[in-house]
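The chain contents come next:
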Amino acid sequence: MREILGRRRRLLSRRNGDRPELIGAALTFATEWQWPVLPGVAPDPQGRARCACPDPECTVPGAHPFDPGLLAATTDARMVRWWWTNRPAAPIILATGGTAPCAVSLPALAASRALALLDRRGMRLGPVIASSSRWALLVKPYSMEQLGELLYAKDFVPGSLRFHGQGGYLALPPSETGQGAVRWERAPLPGSASPWVPDVEAVVDAVVDALTRTGVSAPEL
């Protein structure tokens, strides 16, 4: 147990001039939590707000898969080690859905206010991933049919909400993307198994209600 906890702490450890140890984090996600991951496109070294992919108008610079493609995501330790040995600064991309968590994301300011209200209500949330522009709340895997029924039953759903389900992806901490560092706003609790995450219904209901009650205008970013 002590060894496991020590490895978890190294998820956020830094070395070599305060550089995140990405390979250690990627191996923890893949082998301990069984989250399929792959390396993302690095930000363009000539301008970090741009992406190194061929799309000059990329909206998620450095925070998406390209080569290899999303279908290459794996939990195989040898493949993960090979990728990050050859590309040590590559962002860690999670392939959402299937055996991995899905996510609901919204603009950072709206997310911060919504989470504060949910904390006051005592709602239990799972890990929350934060970038400078958006926060993502991890949830249990869901199907498109399940999500469609959930949204259809609601009178109003903010257009700024995004859903990262089967076939989607997210950049994981401690990646660096064209929009800056990716961090844990709510870090996973230490343990030997994959972190607990709530159902998508509970999160969507709570977030929509919180945004409505706080009067937060969540721009579509």
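Cut-offs used in this document
Along every chain, residues carry numbers that run from 1 in the direction the sequence is written. Totals for whole chains, interfaces and linings use every residue, but because this is a predicted model, local features are given only for residues with pLDDT of at least 70 and side-chain atom pairs only at 80 or more, for both listing and counting. Side-chain measures here rest on the full set of heavy atoms in the structure, leaving out hydrogens and waters. Note on method: axes are straight lines fitted to C-alpha atoms, helices fitted across the in-contact stretch only, with angles between N-to-C directions ranging 0 to 180 degrees. Strands here are runs of E lasting at least two residues and helices are runs of H or I lasting at least four, both read from the DSSP assignment and numbered beginning at the N terminus. Working definition: roughly parallel below 35 degrees, roughly antiparallel above 145 degrees, roughly perpendicular at 65 to 115 degrees, and oblique for all remaining angles. We call a crossing left-handed when the near helix sits turned anticlockwise from the far one by less than a right angle, and right-handed when that turn is clockwise. A contact between two residues is defined here by any heavy atoms of the two lying within 4.5 Å. Two strands qualify as a pair provided DSSP detects at least 2 bridges between them. The definition of a nonpolar core used throughout is a set of buried Ala, Val, Leu, Ile, Met, Phe, Trp, Tyr and Cys residues joined through side-chain atoms within 4.5 Å. Exposure classes here rest on a 1.4 Å probe applied to the protein chains alone. A residue is buried below 20% of its type maximum, exposed above 50%, and partly exposed in between. Here a salt bridge means any side-chain nitrogen of Lys or Arg lying within 4 Å of a carboxyl oxygen belonging to Asp or Glu.

Trainee: For this particular structure, what's the right way to read the packing of helix 2 (residues 22-32) against helix 3 (residues 77-86)?
Mentor: Working note: a packed helix pair is described by the angle between its axes plus the distance between those axes. In contact at an axis separation of 10 Å, helix 2 and helix 3 are set at 160 degrees when each is read in the N-to-C sense. If you check the angle between helix 2 and helix 3, you find them roughly antiparallel. Both helix 2 and helix 3 take part in a crossing whose hand is right-handed. Together, Leu22, Ile23, Ala26, Leu27, Ala30 and Thr31 of helix 2 and Ala77, Val80, Arg81, Trp84 and Thr85 of helix 3 make up the contact between the two elements.

Trainee: Got a minute to help me understand the sheet that holds strand 9 (residues 169-172) in this structure?
Mentor: As a general point, the strands of a sheet are linked pairwise by backbone hydrogen bonds and lie either parallel or antiparallel. As summarised here, the arrangement of the three strands in space is 3-4-9, forming an open sheet in which the pairing is antiparallel. Sheet topology places strand 3 (37-39) and strand 9 at the edges, where each strand pairs with a single neighbour. Ignoring which end each strand starts from, the neighbouring axes of this sheet average 35 degrees apart. Bridging between strand 4 (residues 92-95) and strand 9 involves four bridges; their strand directions are antiparallel. If you follow leucine 94 over to strand 9, its bridge partner there is leucine 170. Contacting strand 3, strand 4 and strand 9, helix 2 runs over the sheet at an angle of about 15 degrees to strand 4.

Trainee: What am I meant to see in the nonpolar core here?
Mentor: With 31 residues, the main nonpolar core has Phe29, Val37, Trp84, Ile92, Ile129 and Leu172 as its most contacted residues. Within the residue set of this core, elements represented by two or more residues are helix 2, strand 3, helix 3, strand 4, strand 7 (134-139) and strand 9. Ranked by residue count, the leading element in this core is helix 2, at six residues. Counting 28 residues, the second-largest nonpolar core is a separate cluster that includes Cys102, Ala108, Leu117 and Leu125.

Trainee: Looking at this structure, how should I read the pattern of salt bridges?
Mentor: Two side chains carrying opposite charge are able to pair once their charged atoms lie near each other. Within this structure, the stated rule accounts for six salt bridges. Among the ionic pairs, arginine 183 bridges to glutamate 185, the shortest N-O distance being 2.6 Å. Relative accessible area serves as the criterion here: at 40%, arginine 183 is assigned to the partly exposed category. Using a relative accessible area of 27% as the deciding quantity, one classes glutamate 185 as partly exposed.

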